[in-house]
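Results of the structural survey
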Amino acid sequence: DYNGRLCILGAFDTIGAQQAPVKHPHMAVVIRLRFERSEEGQHRFGLVLIDEDGRPSFKMDGGCQIRFQADAETCTANLILNINDLALPKFGGYRFDFTLNGEQKATIPLYLKRMGQIQKAA
């Protein structure tokens, strides 16, 4: 986040590995939120990683304070949620569920695949 400008480098949704379990050393989940003037104030968010069987394996929560400029109709907030040593116990599909003020707002897929199963981009 550079003064409200969101820059993303190296976006991915698939991790390749020779064997599971895997610990991914570092990643970030990046979410840009837009608020209306009536939503000014404190907001709570949550991020949960859920496996194919519906079991949560990682949780993060926090808050953000939304303040408007005097002449702004809407306001944006960039959430950059850094995750270190994320454990993925088995191959398959996962999803990050993102909630804001207790309401689910987004689902972000993540896949752990064997190295031979990943198709290279042409």
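Look up a bit, the structure's there.
Everything quoted here is computed from the prediction, not taken from an experiment. (Residues numbered from 1 in each chain as written. Predicted model: local features only at pLDDT ≥ 70, side-chain atom pairs only at ≥ 80, totals over all residues. Heavy atoms only, no water.)

Further remarks concern the overall build of the chain. Check the secondary structure of the chain and you find zero helices and seven strands. Every one of the 122 residues in the chain was classed for burial, and the buried ones make up 32%. Roughly 8,300 Å² of accessible area belongs to the chain as shown, and the carbon and sulfur atoms make up 47% of that amount. (Helix = DSSP H or I, 4+ residues; strand = E, 2+ residues; numbered from the N terminus. Buried < 20%, exposed > 50% of the residue type's maximum accessible area, 1.4 Å probe, protein only. Areas by Shrake-Rupley, 256 points an atom, 1.4 Å probe, with all protein chains shown as cover.)

Next up on the list: the packing of aromatic side chains. Applying the stated rule across the entire model yields one aromatic pair. A cation sits over an aromatic face here: K113 above Y111, 5.7 Å from the ring centre. (Phe/Tyr/Trp six-rings, centres within 6.5 Å; stacked < 30°, edge-to-face > 60°. Lys NZ or Arg CZ within 6 Å of the ring centre and 35° of its normal.)

Now for the sheet that holds strand 1 (residues 14-17). Overall, mixed pairing links the five strands, which are arranged 1-7-6-3-4 in an open sheet. Across the chains shown, the open sheet's two edge strands, defined by having one partner strand only, are strand 1 and strand 4 (56-66). For this sheet, the mean angle separating the axes of adjacent strands, direction not counted, is 20 degrees. As defined by bridge partners, strand 6 (residues 92-100) adjoins strand 7 (residues 103-114) across nine bridges and the pair is classed as antiparallel. Paired with D97 across the two strands is T107, which belongs to strand 7. (Pairing = 2+ DSSP bridges. Axes fitted to C-alpha atoms, helices over the stretch in contact; angles between N-to-C directions.)

Everything listed here is a matter of geometry and, on its own, says nothing about what the molecule does.
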